[in-house]
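The primary structure of each chain is shown beneath.
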Amino acid sequence: MDASVDRIARPWGSRTPYGRHEPWPVRVDTYLEEGVEPGSVQRWVQAASILHSDGDAMDIAVVDGRMAGVRGRADDRVNHGRLGPKDLFGWQANASPDRLTRPLVRRDGHLTGCDWATAMDRIVARSRELLEKRGPGAIGFYTTGQLFLEEYYTLALLARAGIGTPHLDGNTRLCTATASEALKESFGCDGQPGSYDDLDHADAIALFGHNIAETQPVQWMRVLDRLGGPDPPRLVCVDPRPTRVARTAAVHLAPRLGTNVALLNALLHEIIRTDRVDHAYIAAHTVGYEELVSRVKECTPEWAAAICDVPAARIGEAAEVLGTADRLLSTVLQGVYQSHQATAAAVQVNNLHLIRGMLGRPGAGVLQMNGQPTAQNTRECGADGNLPGFRNWQNDSHVADLARVWNVDPRTIPHYAPPTHAMQMFRYAEQGSIRMLWINGTNPAVSLPDLSRVRSILSQDRLFVIVQDLFLTETAQLADVVLPAATWGEKTGTFTNADRTVHLSDKAVEPPGEAKPDLDIFLDYAARMDFRDKDGGPLVTWHDPESAFEAWKRCSAGRPCDYTGLTYDRLRGRSGIQWPCTEQTPEGTERLYTDTIDWAHPDVCESYGKDLVTGAADDAVEYCSLNPDGKAMIKAASYLPPHETPDAAYPFQLTTGRTLYHFHTRTKTARAPQLNAAAPEVWVEVSAADAAALGLDEGDLVEVTTPRGALRGRLRTTGIRPGLLFVPFHYGYWDTEAGHGPGDGTPARAANETTITDWDPVSKQPLFKTAAAALRLVERGNGRSAPAPTTTASAPFRAGAVPSTTGGTSALAGQAGDTDGEEGEGNKEDEDGREDREDRGKGQVEGDSE
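Residues numbered from 1 in each chain as written. Predicted model: local features only at pLDDT ≥ 70, side-chain atom pairs only at ≥ 80, totals over all residues. Heavy atoms only, no water.

Digging into the sheet that holds strand S14 (residues 328-332)
The strands that make up a sheet are held in pairs by hydrogen bonds between backbone atoms, and each pair lies either parallel or antiparallel.
So, step 1. The 5 strands are arranged S12-S11-S10-S14-S15 in an open sheet whose pairing can be described as parallel. Looking along the sheet, the strands with just one partner apiece sit at the ends: strand S12 (251-253) and strand S15 (365-368). Ignoring which end each strand starts from, the neighbouring axes of this sheet average 10 degrees apart.
So, step 2. Where S14 meets S15, 4 bridges bridge the pair, whose relative direction is parallel. From the neighbouring strand, Ser 330 faces S15, where its bridge partner is Val 366. (Pairing = 2+ DSSP bridges. Helix = DSSP H or I, 4+ residues; strand = E, 2+ residues; numbered from the N terminus. Axes fitted to C-alpha atoms, helices over the stretch in contact; angles between N-to-C directions.)

Rendered as structure tokens:
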């Protein structure tokens, strides 16, 4: 047992080492608020994490009708009882005194309180007016990655078949649209091939742009425990920052931003050149290998080194690990998804596995990871630009089948063109064709790129904005109607994590004031709009979460994400279950593609694919000519330079990203005292070489400028690759004095003041990691420290260390050269923690090892 472990200073807790092919030992993590003892907890209510994509199962402690803490669920397949810092502390935001507790409507330019009938009457009246005068294309819905499955499915039905609009997307467009698209490009359909359990069996783990230690901390605990046991895996890390993963890896590659495709083509070149290829698997299960061989023939490590600023020898070392692994697991996240040529790069990771035959076996798989807790559900339910059940919008029989499930005419469901992606929706709103935008559970006034533009769009008089959320966010402050929503722990529903594990989260406490579950709000809207099916009956035939889940099961039947073997009773009181789960597979399906590629046949595939350069959609004829038998598709891609590159005025590359202690725009995590104290304010990371060249020191207040805008933050000197700046994107303005952002007297601190309106042509995911930037001193820090954690990738640079996996190009020096020294490690795990942090948080965290 580890009692009173400080899970801010030691976020991954203590180790429970285990060997390859052994089960991960249990360690139950618990946090109870000060004064609450385990024996005084009146009820423990089943739930799972809502603050990342792990799907960590937990129980909520209830005392006198309020949440009083959480504990991990020992028997859950995902976390074996462990919880990360956001799991342990983030629930406290639910009881924040500034929760929205009643609807608000805009009167005379100000938001004022009202009752639900008044708010809903305004929404319904505007909806009907726009439908009559402008048609369904005047209405758009922008949702989140944090609702429950039942809510997404209801939203998809009322938007697609009730309103009839093609304008429905989620903020998952910002984080994992590329994951979905890459899986469709390679396998014809969405759905993660691998499983978290592959971490127990792999002898090599490659992480491409995936800072798993901070984005999925519980799975990093699993990796650390494997590394501490017998027969540990070799790690390959591709990341421009010295993350915990990078410091632990056997090979760390820190490429120049925007060059992922060049690096991956060189890795493929080496694997093919050394004939570490499973030719029998390729012949039996794939098409396109010859084109790949031709495309990467000249992509040598030396060629890639010149583009990526990574030593050629290190590329060779990485290829050796990938090519000789007995069982290789690869994971991918935002360092690929939000970068130049995002889908093309993610597809090349799939290609690594296809040419090596590394699919469908324990330890051999790929996880195109998610960034949000219910991102998978948006994709399954059709709330993110897809049709529900992974149906193909270009396939008339798929549309007809969905129309049968919904009992509507197929012409009701818009499929005359691709569903509108989020960036295009905001452009339509800017141009005036979308006149009503319903935003729920997300904060685009901080999370979208080029924020001055976003604020101007949301502030238009002609655009009617509805915001459904927990707090008066920066976006809610610009709304015409604000609806107070219930959240996790205050409602019941299911959600699915990044490896297809379905969990049930039960209601533990009542929501505050008049706040309502999102499902109830959508059902109320559907009833007030009197949406009908083709026989004149109610379009929405369910009334609560469980009946909505049963309706979803009928929609999923026979599709890749088949839920028909699941029920609330089966999910309650036990470990999560992975879809597909059917009568034939009642315990779920741990891995896909164990025997064959199941969903790539032209008749059943979710997508006919797209051109990896232009994003142009292929049609059925093209797809059939390439892949008539429904095999996996090896799609080659050539490297293309990024759209925006450094120059004399903007000599740096700028990347944005996350920190371990916060989630999205901090609307929840900043209201948890321990998490906020760990990372209370924005900072700017720069390499030691670049800081020295500019005469900058730790703690200096600096300004980062791009052609779009600027932000200010305290400087942290780290082991980041030279020529690169990093800024966490979490920080907006709701907790500042003005509260609204630049223009209201608030200094700019949001990273997205600087990012570019640009997106991947295939996935339409915004490119947050491609801006050119300048850096200047505003005022000296005079010994101040940057408000950045020392426990994470933001650890300060260790004197005398140099980055070991880049060519060493400084944005200011203009010269490159290979370096072989050790990179800065910051503090070791057991020594981590900001020594001067006074607020460690009250209460106790325990880790019981069994």
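Topic: empty space enclosed by the protein
So, step 1. Tallying each qualifying case throughout the model produces 5 cavities of 30 Å³ or more.
So, step 2. Counted as a void, the second largest cavity has a volume near 90 Å³.
So, step 3. Looking at the second largest cavity, it is lined by 13 residues, and the ones nearest its centre are Ile 50, Leu 51, Gly 90, Trp 91 and Trp 488.
So, step 4. In the lining of the second largest cavity, the residues fall into 6 nonpolar, 4 polar and 3 charged. (1 Å grid on protein atoms, 1.4 Å probe; cavity = no way out; pocket = protein on both sides within 12 Å on 5 of 7 lines; lining within 4 Å. Points joined across faces, edges and corners; volume = space filled by probe spheres on them. Nonpolar A, V, L, I, M, F, W, Y, C, P; charged D, E, K, R; others polar.)

Focus: the pattern of salt bridges
So, step 1. Inspection of the entire model under this criterion finds 56 salt bridges.
So, step 2. Put simply, Lys 133 and Glu 129 hold a salt bridge, and the shortest N to O gap is 3.6 Å. Within this pair, Lys 133 and its partner Glu 129 are both found in helix H2 (residues 116-133), separated by 4 residues, close to a single helical turn.
So, step 3. For Lys 133, a relative accessible area of 64% corresponds to the exposed category.
So, step 4. When its relative accessible area of 34% is taken as the criterion, Glu 129 is described as partly exposed.
So, step 5. Taken together, the shared-partner salt bridges in this structure form one network comprising Arg 77, Asp 197, Asp 200, Arg 222 and Asp 499. (Salt bridge = Lys/Arg side-chain N within 4 Å of Asp/Glu carboxyl O. Buried < 20%, exposed > 50% of the residue type's maximum accessible area, 1.4 Å probe, protein only.)

Notes on the environment of Gly 493
So, step 1. Looking at the element boundaries, Gly 493 is found in strand S19 (residues 493-496).
So, step 2. In this structure the C-alpha to C-alpha distance between Gly 493 and Leu 147, which are 346 residues apart in sequence, comes to 8.7 Å.
So, step 3. Among all residues touching Gly 493, those that are not within four sequence positions of it are Phe 148, Glu 150, His 503, Leu 504, Ser 505 and Tyr 568. (Contact = heavy atoms within 4.5 Å.)

A look at the packing of aromatic side chains
So, step 1. Within the structure shown, the criterion is met by 18 aromatic pairs.
So, step 2. For the ring pair Phe 148 and Phe 495, a centre distance of 5.5 Å and an interplane angle of 5 degrees mean the geometry is stacked. Of the two residues, Phe 148 is situated in the loop between strand S8 (139-143) and helix H3 (149-163) and Phe 495 in strand S19; the sequence distance between them amounts to 347 residues.
So, step 3. You can call Phe 148 buried: its relative accessible area is 1%.
So, step 4. Here Phe 495 falls in the buried class, since its relative accessible area comes to 1%.
So, step 5. Their ring planes at 50 degrees and their centres at 5.7 Å tell us that Tyr 608 and Tyr 623 sit as a pair that is tilted. (Phe/Tyr/Trp six-rings, centres within 6.5 Å; stacked < 30°, edge-to-face > 60°.)

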